[in-house]
Amino acid sequence: MPPQWTEGQIAHLQINLNIEDVEHELESYRQILQPAKDEAIAVFLSKLNNHFGTPENNSDTIDDYFICVQDLPEYYLEKTYRNILNKCKWYPKVSEIRMAIPDKFWKQTITFRKIKAIHKKLKEIKNEPSSK
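Residues numbered from 1 in each chain as written. Predicted model: local features only at pLDDT ≥ 70, side-chain atom pairs only at ≥ 80, totals over all residues. Heavy atoms only, no water.

Asks: Explain the overall build of the chain to me, please; I cannot follow it from the model alone.
Replies: Scanning the chain for helices and strands turns up 7 helices and 0 strands. For the chain, the α and β elements follow one another from N to C terminus as α-α-α-α-α-α-α. A total of 132 residues make up the chain; the buried ones form 30% of that total. Long-range contacts, defined here as pairs at least 24 residues apart, represent 81% of the contacts in the chain between residues at least 6 apart. In the form shown here, the chain has an accessible surface area of approximately 9900 Å², with 52% of it arising from carbon and sulfur atoms. (Helix = DSSP H or I, 4+ residues; strand = E, 2+ residues; numbered from the N terminus. Buried < 20%, exposed > 50% of the residue type's maximum accessible area, 1.4 Å probe, protein only. Contact = heavy atoms within 4.5 Å. Areas by Shrake-Rupley, 256 points an atom, 1.4 Å probe, with all protein chains shown as cover.)

Here it is, written out as structure tokens:
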């Protein structure tokens, strides 16, 4: 942002957004961020067990581990697994798994939320009766 502009001036900039283009981007992000299927998560957890050994309390915490990655697309499950191998010496805690998720996933998630908000606003504007 140029230093001479204020936030108020930025808020009033005219940007022409086509709702069809926004819907296209929204669908692209939906596909990119489609959560992995349960089978892929089971493979991920199985790979952790094979590499680090099964933790003593595995039967008590397996649901927690499953839940902690259920929002990840399969691509990011694999990237997270690779990051865990590079960063963890022992079987990772849930928090360590979450920290091993690539930054790009979080950025894409934030962008997806922003696109959803823009889409919602455009739909509201489109559905408003024009004032004459």
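Read on, since the account is not over.
Asks: Which parts of the structure should I look at to understand the environment of Arg82?
Replies: Looking at the secondary structure, you find Arg82 in helix 5 (residues 74-87). Owing to a relative accessible area of 45%, Arg82 belongs among the partly exposed residues under this scheme. Sequence spacing of Arg82 and Ile101 is 19 residues, and the spatial spacing of their C-alpha atoms is 9.6 Å.

Asks: How should I be thinking about the environment of Lys79 in this particular structure?
Replies: As for its placement among the helices and strands, Lys79 is situated in helix 5. Among the residues examined, Lys79 registers a relative accessible area of 37% and is labelled partly exposed. Sequence spacing of Lys79 and Pro102 is 23 residues, and the spatial spacing of their C-alpha atoms is 6.9 Å.

Asks: Would you explain the environment of Tyr81 in this entry?
Replies: By the element assignment, Tyr81 lies in helix 5. Beyond its immediate stretch of four places on either side in the chain, Tyr81 contacts Phe44, Lys47, Leu48 and His51.

Asks: Sorry, what's going on with the side chain of Gln108 here?
Replies: Tracing the backbone through its elements, the reader meets Gln108 in helix 7 (residues 103-127). Look past the residues within four positions of Gln108 in its chain and what remains in contact with it is Tyr29, Ile32, Leu33 and Tyr76.

Asks: Just checking my understanding: could you explain the packing of aromatic side chains for this structure?
Replies: Aromatic rings considered in pairs are described by the distance between their centres and by the relative angle of their planes. This structure, assessed with the given rule, holds 6 aromatic pairs. Plain terms: the ring middles of Phe52 and Tyr91 are 6.1 Å apart, the flat faces sit at 70 degrees to each other, and that makes the pair edge-to-face. Here the residue Phe52 occupies a position in helix 3 (residues 38-52), and Tyr91 occupies one in the loop between helix 5 and helix 6 (94-99), the gap between them amounting to 39 residues. In this structure, Phe52 and Tyr91 share a single accessibility class: buried. Pairing Phe105 with Trp106 gives two aromatic rings, centres 5.0 Å apart and planes at 70 degrees, and the pair type is edge-to-face. Judged by relative accessible area, which is 32%, Trp106 ranks as partly exposed. A network of ring pairs unites the aromatic residues Tyr75, Tyr76, Phe105 and Trp106 as a single cluster. In this structure, Lys47 is placed above the aromatic ring of Tyr81, and the distance from its NZ or CZ to the ring centre is 4.5 Å. (Phe/Tyr/Trp six-rings, centres within 6.5 Å; stacked < 30°, edge-to-face > 60°. Lys NZ or Arg CZ within 6 Å of the ring centre and 35° of its normal.)

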